[in-house]
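Spelled out, the chains give:
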Amino acid sequence: GIQVEQSPPDLILQEGANSTLRCNFSDSVNNLQWFHQNPWGQLINLFYIPSGTKQNGRLSATTVATERYSLLYISSSQTTDSGVYFCAVEYNFNKFYFGSGTKLNVKP
Amino acid sequence: NAGVTQTPKFRILKIGQSMTLQCAQDMNHNYMYWYRQDPGMGLKLIYYSVGAGITDKGEVPNGYNVSRSTTEDFPLRLELAAPSQTSVYFCASSPFWGGSGNTIYFGEGSWLTVV
């Protein structure tokens, strides 16, 4: 199967700081998505981004499919950004595989 | 619009018991999935379905069974529960491949403890 690796595993930020989360994958994929899991366990879709760059408010994401990685940027972080960020890749038609996540803690 | 609905939200099982986690979606999605998330870990695919009557194994299918008799419902059966099945279970769905972005939508999770 495909390997999906995320870094860093843990990240502590002061409110207002910026950060970059990385997702590497071992094979070509049809689709890549970023999710935020809030402290209550709920999974929220942030971006569908098989290639290119997208922005949504303070968050943006870039996927370079030819080099098999994706980046999630968080600017001016807020305490509500805390939680775990997952990337998921679609491999072999609609089978989504997840990385192990980056746990983010934003301190006030 | 309810999206993906899972029941029960919490359950404690004794070793050797069996149970079914229910999952229903009202978005007319062809694809449905069951994942498990162990503490501090990512999600692992248990089973998935590409449509009514069609299911296939994911990464960690042992100890589980699924069925898909309708587009809306995708129950997960645990037979002879073991402590290793203590986890959070997520059901999810997505539209047919090639559709509008193929976003995957998750239920709120079912917390299962086997003692």
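Please refer to the structure higher up on the page.
A short tour of the structure in this document, coming up. These numbers come from a predicted model, not from an experiment.

### Observations concerning the overall build of chain B
Helix and strand counts for chain B come out as 0 helices and 11 strands. Ordered by position from N to C terminus, the α and β elements of chain B give β-β-β-β-β-β-β-β-β-β-β. For chain B, whose C-alpha radius of gyration is 14 Å, the value lies close to the compact-globule estimate of 13 Å for 115 residues. Projected onto its principal axes, the C-alpha positions of chain B cover 40 × 30 × 25 Å. Taken over 115 residues, chain B has a buried fraction of 47%. Looking at chain B as shown, the accessible area adds up to about 5400 Å², and 54% of this sits on carbon and sulfur atoms. Within chain B, the 8 negative side-chain charges are centred at a point lying 9 Å from the centre of the 8 positive side-chain charges.

### Some details on the pairing of strand S7 (residues 59-64) of chain A
Residue and element names in this part refer to chain A. Burial analysis of S7 places 5 of its 6 residues in the buried class, which makes it a mostly covered element. Hairpin connection between strand S6 (residues 52-56) and S7: a loop of 2 residues separates the two successive antiparallel strands, and glycine 57 in this loop has a positive phi of roughly 65 degrees. As paired elements, S7 and strand S8 (residues 69-74) share 6 bridges and run antiparallel to each other. Across the sheet, residue threonine 63 finds its bridge partner in S8, namely serine 70. Here S7 hands over to S8 after 4 residues, with arginine 68 in that stretch at a positive phi of 60 degrees.

### A look at the state of the cysteines
Residue and element names in this part refer to chain B. On inspection of all chains with the given rule, the structure shows 2 disulfides over all chains. Here cysteine 23 is linked by a disulfide to cysteine 91, with a sulfur-sulfur distance of 1.8 Å. When the S-S torsion is -75 degrees, as for the bridge of cysteine 23 with cysteine 91, the disulfide is left-handed. Taken together, the positions of cysteine 23 in strand S3 (residues 19-25) and cysteine 91 in strand S9 (residues 87-94) put the pair 68 residues apart, joining distant regions of the chain. Neither cysteine 23 nor cysteine 91 differs from the other in exposure class; each is buried.

Cut-off values and rules
Residues numbered from 1 in each chain as written. Chains lettered and ligands numbered in written order. Predicted model: local features only at pLDDT ≥ 70, side-chain atom pairs only at ≥ 80, totals over all residues. Heavy atoms only, no water. Helix = DSSP H or I, 4+ residues; strand = E, 2+ residues; numbered from the N terminus. Rg over C-alpha atoms; globule rule 2.2 N^0.38 Å. Buried < 20%, exposed > 50% of the residue type's maximum accessible area, 1.4 Å probe, protein only. Areas by Shrake-Rupley, 256 points an atom, 1.4 Å probe, with all protein chains shown as cover. Lys, Arg positive; Asp, Glu negative; His and termini not counted. Charge placed at Lys NZ, Arg CZ, Asp CG, Glu CD. Pairing = 2+ DSSP bridges. Disulfide = S-S within 2.5 Å.

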